[in-house]
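This is what each chain is made of:
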Amino acid sequence: MGSLVQTSNSPLIPRVRTSHRILDEARVQCRSGVRCRLVEPLKFENGKPSTPALPAGKDPSFLARPQLGNIVSRKNDTRLRIFSGTANPSLSQEIACYMGLELGKINIKRFADGEIYVQLQESVRGCDVYLVQPTCPPANENLMELLIMIDACRRASAKNITAVIPYFGYARADRKTQGRESIAAKLVANLITEAGANRVLACDLHSGQSMGYFDIPVDHVYGQPVVLDYLASKRVCSDDLVVVSPDVGGVARARAFAKKLSDAPLAIVDKRRHGHNVAEVSLQRMLLIAGTISKGAALLHQEGAREVYACTTHAVFSPPAIERLSSGLFQEVIITNTIPVLEKNYFPQLTVLSVANLLGETIWRVHDDCSQKE
């Protein structure tokens, strides 16, 4: 998404980080009014990434509460099933909790030779099935698992199959930059379609053109509202903010982001690539090895920035990203949970925001055949 920079000499508002433990017997209030239990506790403590919680009874500004009639009808809806792959089960559980549903029963295992076995343990005949599986590292393992899940649902006579892919791992290979290269994004889109998916729900694709590679409908949602809601809660004076675009290609996205932050000023960091994962200076949306974003932060500090906040949707965190991000250049690194964060990758400046409500609401709207009013 980019970065926020605080430049004014006016007094800063203290940044409060609230870390909290949620026990496994804790009950979470769902948007639909249904309560459900967490399968596993969130093991975040002080010094580890915090997941900001909204006040009780208050939904994010970009989501609206359903009417009472919708609550009853949705609770009794038996034609909607959600199944989770093994890539990000905690996000799948959060989505199910938000929707007031239970995750479907599914058996996924790997044989000694690496082959994947999938069996649905409940009937999905005539149902709208949603399979939550990001193709995050290990990308090939998780992609193959998704394809086999889709095939299992198709052979079980599911009415509609939607692949919910919070992180689409091959989206960056969306064009040829040199001769004799493959366009892997198109290949993966074909695989998902041929496996039997009727629709794809993706979050923050690398480029919008990737949607055109699918021959089935694609619902593309953005993590921007989740990050904006969190930044609004920090109550930083708008006169102190500058939104920095990762490169020239991200100017439109950064401008839209800045406009929603009280029309904050916009800056652009120039980037010149010399090879894969190698760049001069930049701030980028996807945190891979964090080389360009760290160089960009250093440049911003040289230009007088007091605090630099890195905002990104997908945190891949390939080495040596953690060392660079925790080096002190950033006041806070704000990411979402489209990709699960390993405990070994926690560091004090990290804040993890959940996109479960965003994806859960989108699933309801797709299932109910309705759209957000403009």
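Since the model is a prediction, treat every value here as computed from it, not as a measurement. (Residues numbered from 1 in each chain as written. Predicted model: local features only at pLDDT ≥ 70, side-chain atom pairs only at ≥ 80, totals over all residues. Heavy atoms only, no water.)

Draft legend 1. Region of the structure containing the pairing of strand β8 (residues 160-165). The element β8 is largely enclosed, with a buried count of five among its six residues. Both strand β7 (residues 128-132) and β8 contribute to a ladder of five bridges, which runs parallel. For L131, the partnering residue across the bridge sits in β8 and is A163. With four bridges connecting them, β8 and strand β9 (residues 199-203) associate as parallel partners. Paired with I165 across the two strands is A202, which belongs to β9. (Buried < 20%, exposed > 50% of the residue type's maximum accessible area, 1.4 Å probe, protein only. Helix = DSSP H or I, 4+ residues; strand = E, 2+ residues; numbered from the N terminus. Pairing = 2+ DSSP bridges.)

Draft legend 2. Highlighting the sheet that holds strand β4 (residues 80-84). Taken in spatial order, the five strands line up as β4-β7-β8-β9-β10 in an open sheet, and their pairing is parallel. Edge positions in the sheet fall to β4 and β10 (218-221), since each has one partner strand and no second. Pairwise comparison of adjacent strand axes, ignoring direction, gives a mean angle of 20° for this sheet. Pairing between β9 and β10: four bridges, direction parallel. If you follow V200 over to β10, its bridge partner there is V218. (Axes fitted to C-alpha atoms, helices over the stretch in contact; angles between N-to-C directions.)

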